[in-house]
Amino acid sequence: MTTLSFALNHMTAPALSPDAFFGLAASLGIAAVEIRNDLDGNAIIDGTPAGEIKALAEKHELTIISINALQRFNEWNEARAGEAQDLITYARDCGAKALVLVPVNDGSGQADGERQANLRRALSALKPMLEDARITGLVEPLGFEICSLRSKTEAVEAIRAVSGENRFKIVHDTFHHHLAGEEKFHPEMTGLVHISGVADPEVSVSAMRDPHRVLVDATDRLDNAGQIRTLLEKGYAGPFSFEPFSSEVHQSAEIKVAVRESMQFLSGKV
C-alpha cells in the first residue's frame, strides 16, 4: 500500500467551522488543508480574522497549503487587483502557502490569441504581488468547454513566458483533467493535485459538473488512481487534496469514515 500525502479542502465538509474542519483533518492523520473564500456564513467570507485561522491551524498542527480561490483571475482589472491583494494579504497573515487562481468560466475570453494575452497580463500583474507576500500562485485550468483556460500546457507556457516559474505552479485537478481530455502531465510545474471522482454511470463527460464530484472509490469513472500513479511516476511529490462538491458528500453523517475509506482505496490502488 502506497503512502500518499493527502490534504483536505474545506469543500469536503463546507458546513463545518474552521475549528471543526481542522479537527476532522487532524483526526484522519492529514496534516495539510485548503481553506476557501466562497463558503457562505463561514471563514473567510464571514470576516474571521486571518490571525484566528492561523491560531486554529497551529492548534491542530496543520499546514494551510492554499486559499481557494481568486475567481476570474485572467480577467484583470482594477477590481480584480483589489480582490487579489486582499486575498494575498489574508493568505500571508493566516500562514497559507498559496492562492489558487481560477479562470473565467462563462464562455467569454476564449478566442485564440485573446485568452493567451489575458492570461499573461494577469500573471504579470500578480507576480510582484505574490512575491512581496512570498505566496505561490496556483493556476487551475478548468476542463469545462466554456472555460477560458482549459489547458495545463497553455498555463505552463504562460508562466514561463512571464518568467514566473519560481512564483507560479499549476493545479492538476483530476476531474478537470478528464473533462479537458488533456493527456499531457506537467509534474515539474504542478504544485497541488485536487482529487474527486464521478460515479454516476449515466452522465456524459461533457455534461459532468461540480455536483457530480464525489469521494473516489471503485466506481470512479475519471481514473483518479491512474492519474495519481502517473503523477508520482513522473516525479510529483506534493499533496493530493480531496475536493468533492456533491451535496451527498456534504450531507454525510459519516464524513470521517467516508474520507478514510477513500484514502485507503487510493493508497491500495497506487
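Below, the structure is looked at part by part.

Criteria and thresholds
- Residues numbered from 1 in each chain as written.
- Predicted model: local features only at pLDDT ≥ 70, side-chain atom pairs only at ≥ 80, totals over all residues.
- Heavy atoms only, no water.
- Helix = DSSP H or I, 4+ residues; strand = E, 2+ residues; numbered from the N terminus.
- Contact = heavy atoms within 4.5 Å.
- Axes fitted to C-alpha atoms, helices over the stretch in contact; angles between N-to-C directions.
- Parallel < 35°, antiparallel > 145°, perpendicular 65-115°, else oblique.
- Left-handed = near helix turned anticlockwise from the far one by under 90°.
- Nonpolar A, V, L, I, M, F, W, Y, C, P; charged D, E, K, R; others polar.
- Buried < 20%, exposed > 50% of the residue type's maximum accessible area, 1.4 Å probe, protein only.
- Arc of directions from axis to C-beta.
- Salt bridge = Lys/Arg side-chain N within 4 Å of Asp/Glu carboxyl O.
- 1 Å grid on protein atoms, 1.4 Å probe; cavity = no way out; pocket = protein on both sides within 12 Å on 5 of 7 lines; lining within 4 Å.
- Points joined across faces, edges and corners; volume = space filled by probe spheres on them.
- Pairing = 2+ DSSP bridges.
- Right-handed = clockwise from strand over helix to strand, strands pointing away.

Quick look at the environment of Pro-141
With respect to the element layout, Pro-141 can be found in the loop between strand 5 (136-139) and helix 5 (152-161). Pro-141 sits 77 residues away from Ala-218 along the chain, and the two C-alpha atoms are 26 Å apart. Look past the residues within four positions of Pro-141 in its chain and what remains in contact with it is Leu-149, Arg-150, Ser-151, Lys-152, Ala-155, Val-171 and His-176.

Some details on the packing of helix 3 (residues 78-94) against helix 4 (residues 114-133)
At a minimum axis distance of 10 Å, the contact between helix 3 and helix 4 shows a crossing angle of 20°. The orientation of helix 3 relative to helix 4 falls into the category roughly parallel. Crossing geometry of helix 3 relative to helix 4 is assigned as right-handed. Together, Ala-81, Ala-84, Gln-85, Ile-88 and Arg-92 of helix 3 and Leu-126, Met-129, Leu-130 and Ala-133 of helix 4 make up the contact between the two elements. Here the residues of the contact of helix 3 with helix 4 are counted per class, giving seven nonpolar, one polar and one charged.

Observations regarding helix 1 (residues 18-27)
Burial in helix 1 covers these residues: Pro-18, Phe-21, Phe-22, Leu-24 and Ala-25. Summarising the axial view, the buried residues of helix 1 lie within an arc of 155°, below the 170-degree limit, and thus occupy one face. Along its buried surface, helix 1 packs onto strand 1 (6-9), strand 2 (32-36), helix 2 (50-59), strand 3 (63-70) and helix 9 (255-269). One or two steps after helix 1, the chain reaches Gly-29, where phi turns positive at roughly 75°.

Some details on unusual backbone geometry
Residue Ile-44 is bonded to the preceding Ala-43 through a cis peptide linkage, with omega at 15°. Here the bond from Asn-68 into Ala-69 is cis, since omega is 15°, no more than 30 degrees from zero. Looking at the secondary structure, you find Ala-69 in strand 3.

With respect to the pattern of salt bridges
In this structure the tally under the stated criterion is 15 salt bridges. The salt bridge partner of Asp-19 is Lys-59, with a shortest N-O separation of 3.0 Å. Taken together, the residues span a long stretch of sequence, with Asp-19 in helix 1 and Lys-59 in helix 2 at a distance of 40 residues. With a relative accessible area of 54%, Lys-59 lands in the exposed category. Taking the shortest distance from any N to any O, the salt bridge between Asp-112 and Arg-115 comes out at 3.6 Å.

Overview of empty space enclosed by the protein
Evaluated as defined, the whole model comprises one cavity of 30 Å³ or more. As a volume, the largest cavity reaches approximately 40 Å³. Lining the largest cavity are Pro-141, Leu-142, Gly-143, Arg-150, Lys-152, Asp-173, His-176, His-177, Ala-180 and Glu-182. Per-element tally for the lining of the largest cavity: the top contributor is helix 6 (residues 174-180), with three residues. A per-class count over the lining of the largest cavity returns three nonpolar, three polar and four charged.

With respect to the sheet that holds strand 3
Taken in spatial order, the eight strands line up as 1-2-3-4-5-6-7-10 and close into a barrel, and their pairing is parallel. Ignoring strand direction, the axes of neighbouring strands in this sheet form an average angle of 30°. Across three bridges, strand 1 lies against strand 2 in parallel orientation. The partner of Ala-7 across the bridge, within strand 2, is Ala-32. Docked against the sheet, helix 1 engages strand 1, strand 2 and strand 3, running at close to 155° with respect to strand 2.

Considering the pairing of strand 6 (residues 168-173)
In terms of burial, strand 6 is a largely internal element, five of the six residues being buried. Here strand 5 pairs with strand 6 via three bridges, running parallel. By the bridge assignment, Leu-138 is partnered in strand 6 with Lys-169. This β-α-β element, strand 5 to helix 5 to strand 6, shows right-handed connectivity. As judged from the four bridges shared by strand 6 and strand 7 (residues 190-195), these two strands associate in the parallel manner.

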